[in-house]
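Structure at a glance
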Amino acid sequence: MSFQSEKLGGHMAAAVTGLDLNRLPDRTVRSALLDLLHDNLVLCIRGQTLAPPAFRDAMAQFGSPMLRKQLARTVECAEVNIISSEDRDELGDGRKIVNGANWHTDDSFMREPCSLTMLYGVVVPSRGGDTQFTNMYEAYADLPDDTKARIDPLKVVHKYSSSRKLTHVSTRPAEEMAAMPEATHPLVRTHPETGRKALYLNPNRMERIDGLERTESDRLLDRLIAHSTQARYQYRHVWRQGDIVIWDNRCTMHKANADYPEGERRLMHRVIVAGSVPV
Ligand code: OGA
Ligand code: MN
């Protein structure tokens, strides 16, 4: 089994061709793919045609796939969720919902957020619908030393429906909403695999910085968000049908764009794999 790889963005993201994940990668290929992901933060595997169970099995090479009941799932495989142009807020106002329309990292309201997310482009629109990414290692590295010293020890409370959120999040049954977790995470986290420090922000889920007055907390969070989402930290993925894009939620943020032509379909299959408590 061999494959080719190329850089996509100037400072993050790489693409791999020549693999058919219907055949599980051997150990050498698997570790080469993981190295590419760790070095590039976002890894695109081109040209796949995978039924949901085969998609899950291939992604299980990179971690333990988890169930996510807030999202629709495929009938063939419970661990494969669906992100689609047909998504509606079924339990709320019934309107179209765009999952991930603002900058975020997946699952930060949980104690143990997923480490990786894998999105597989089953049907992609003729134009638009790109996914944007931002490099949180670089965003951290570029901060002035006094800012780093100030933020290194800080912790942030994240929740599913934060009062700072920018998007309409899908309505969940009342008992599920009541039981929605809240989690406190470091503002700067150390990646368990690479040892590098990254800003850990989620504009959609952060409620406040522990121990700061609300206005001071809001001001610092707004400043860090504006800094880390500057164009120079970004990579924008233009989807091709059959792409699997794997991103590392521990050192990136991402954002969906619902700007594709009205009436066109966008259908993504999605798997997340288990992570650990951020430190
Ligand atoms: C996600 C997500 C972005 C997109 O699946 O977590 O944010 O472009 N998706 O669909
Ligand atoms: Mn997301």
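Residues numbered from 1 in each chain as written. Chains lettered and ligands numbered in written order. Predicted model: local features only at pLDDT ≥ 70, side-chain atom pairs only at ≥ 80, totals over all residues. Heavy atoms only, no water.

What follows deals with the sheet that holds strand 12 (residues 234–237). Strand order across the open sheet formed by 3 strands is 12-6-14, with antiparallel pairing between neighbours. Taken across any chain shown, the strands that pair with only one partner, and hence form the sheet edges, are strand 12 and strand 14 (252–256). In this sheet, adjacent strand axes meet at a mean angle of 20° when their direction is disregarded. Across 4 bridges, strand 6 (residues 131–135) lies against strand 12 in antiparallel orientation. Within strand 12, the residue paired with Q132 across the bridge is R236. (Pairing = 2+ DSSP bridges. Helix = DSSP H or I, 4+ residues; strand = E, 2+ residues; numbered from the N terminus. Axes fitted to C-alpha atoms, helices over the stretch in contact; angles between N-to-C directions.)

The next subject is the pattern of salt bridges. Counted according to the given criterion, the structure contains 17 salt bridges. Of the charged contacts in the structure, one is a salt bridge between D106 and R270, with a shortest N-O distance of 3.2 Å. Taken together, the positions of D106 in the loop between strand 4 (81–84) and strand 5 (116–123) and R270 in strand 15 (residues 267–273) put the pair 164 residues apart, joining distant regions of the chain. The exposure class assigned to D106 is buried, which follows from its relative accessible area of 6%. The class for R270 is buried, based on a relative accessible area of 9%. Residue D248 is joined to R250 by a salt bridge in which the shortest nitrogen-to-oxygen separation is 2.9 Å. For the pair D248 and R250, a shared accessibility class is recorded, and that class is buried. (Salt bridge = Lys/Arg side-chain N within 4 Å of Asp/Glu carboxyl O. Buried < 20%, exposed > 50% of the residue type's maximum accessible area, 1.4 Å probe, protein only.)

Glancing now at the sheet that holds strand 7 (residues 155–159). Spatially, the 3 strands line up as an open sheet ordered 8-7-11, and their pairing is antiparallel. Strands at the two margins of the open sheet, each flanked by one partner only, are strand 8 (182–186) and strand 11 (206–209). Looking at each pair of strands side by side, their axes are set apart by 25° on average, direction ignored. Here 3 bridges tie strand 7 to strand 11, and the two strands are oriented antiparallel to one another. Across the sheet, the residue bridging to H158 is M206, located in strand 11.

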